[in-house]
Amino acid sequence: MEMLDFRDIQPIRDMNSLLELARLIAQVKGPKRVAVAAAEEAHVIQAVNEARMEGLVHPVLFGNPERIRRIAGELHIRAHNLDIRPAQTPAEAAELATQLVSKGEADILMKGMVHSSDFLRAALNREWGLRTGRLLSHVLVYEAKGYDRIFMMSDGAMNINPDLKAKIQIVENAVTLAHVLGVSEPRVALLAAVEVVNPEMDTAVEDAIIAKMADRGQIKGAVIDGPLALDNAVSEEAARIKGIKSPVAGKADILIVDNIDVGNVFYKSLIYFAKVRAAGIIMGARAPMVLTSRADPEEVKFLSLATAVISAERIPYELAEG
Ligand code: COD
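Anyway, here's the lowdown on the structure attached to this text. This one's a predicted model, so the numbers in the text were calculated from it and none came from an experiment. (Residues numbered from 1 in each chain as written. Predicted model: local features only at pLDDT ≥ 70, side-chain atom pairs only at ≥ 80, totals over all residues. Heavy atoms only, no water.)

1. What to know about unusual backbone geometry
As a reminder of what qualifies: For helices the rule is a DSSP run of H or I covering at least 4 residues; for strands it is a run of E covering at least 2, with both sets numbered from the N terminus onward.
With an omega of 0 degrees, the peptide bond between Ser 154 and Asp 155 qualifies as cis. Examined against the element boundaries, Asp 155 turns out to sit in the loop between β6 (150-154) and α6 (164-180). Looking along the chain, the bond that leaves Gly 226 and enters Pro 227 is cis, with omega of 0 degrees. Structurally, Pro 227 can be placed in strand β8 (residues 223-228). Its identity is not glycine, yet Ala 38 carries a phi of approximately 65 degrees, on the positive side. Within the secondary structure, Ala 38 sits in the loop between β1 (32-37) and α2 (42-53). The phi dihedral of Lys 275 is positive, around 50 degrees, even though this residue is not glycine. Counting through the fold element by element, Lys 275 comes out in the loop between α10 (260-272) and β10 (278-283).

What follows is the structure in structure tokens.
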């Protein structure tokens, strides 16, 4: 098999270059095998089929075969091109899909019409899940108009109310994904409502602790600062007006939110109001996991698959202890 030399790969700056990299990997290494948990939904089937037609993935669809075939038919997709495996319930589909990845027979796990919590519990199963001993966390990758870089935001979908230790691992997982996407030293903004350390605000205090840990080299591979408010994290003008001196202010690549409610509203605002092109992926497991909201557009699911293809190639998962 031809070797890929990633040293020449430029930092991913937008979704088109992310897609190009996924296509290059698939061309050289072949499609990644993706196990889809509860595939009986049109956007999922459409996204997976598009990725299949592009040669990015070889999908295995778990769920109700009749329903999957019917939806595929409605989308004018030939069902005989699809590898469909029966599962009685969405939870069983999550279990079977996870086990396929766990056995090494698939490279990527993808959530379909199953509740996030059921899907994630399968991945966390002690016997046949995808645990590594590290924290699993969700990262949203997105492009935004007027910026020449791609953004990452975490965690708006998995960790409900992370404590300080969990938040550090959320930062580390997002930094790993940034490295995978060629951003070699990402700037991480720990978001709060303010950019001063107000002792009354727990988030700001926690952010200041993490920033100090990063200053002392306890978190590596990124430039990290906080607390920062969203405006002065991503707008150099806002940072200047507020007189903030920080290597991250106005230049953040990664935005870390305090809890799932903030992150989920952030995520859905991007999708519904700003109509951004985005991708959602769980990091920290033995294999990349595509986790998007059940109602997310087909393009979000497709771009998530592309991101997972890159991650499956570039993260040394074999190093992760089972
Ligand atoms: N990474 C690694 N291990 C974890 C993690 C994690 N993020 N979360 C829990 N664990 C481990 C714990 O250490 C423990 O060993 C075991 O799993 C069970 O832990 P609990 O009891 O805290 O976890 P659960 O099973 O009650 O919940 C885990 C979920 C991921 C299901 C839960 O956090 C959840 O429902 N998250 C929100 C998902 C969601 O609804 N998202 C909506 C947006 S799409």
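Picking up where we left off.
2. Focus: the site of the ligand
Under the convention used in this document: If a single non-hydrogen atom of a residue is within 4 Å of a molecule or strand, that residue counts as near it. What qualifies as a polar contact is a pair of N or O atoms within 3.5 Å, subject to a donor-acceptor requirement within protein and to the restriction that residues adjacent in sequence count only when both atoms come from side chains.
Looking at the ligand, there are 16 residues lining it, with Arg 121, Arg 126, Leu 136, Ala 157 and Met 158 nearest. Within the backbone of Leu 136, an N or O atom sits 2.8 Å from a nitrogen atom of the ligand. For the ligand, a nitrogen atom lies 2.9 Å from a polar atom in the backbone of Ala 157. For the shell around the ligand, the secondary structure elements donating two or more residues are α5 (116-124) and α10.

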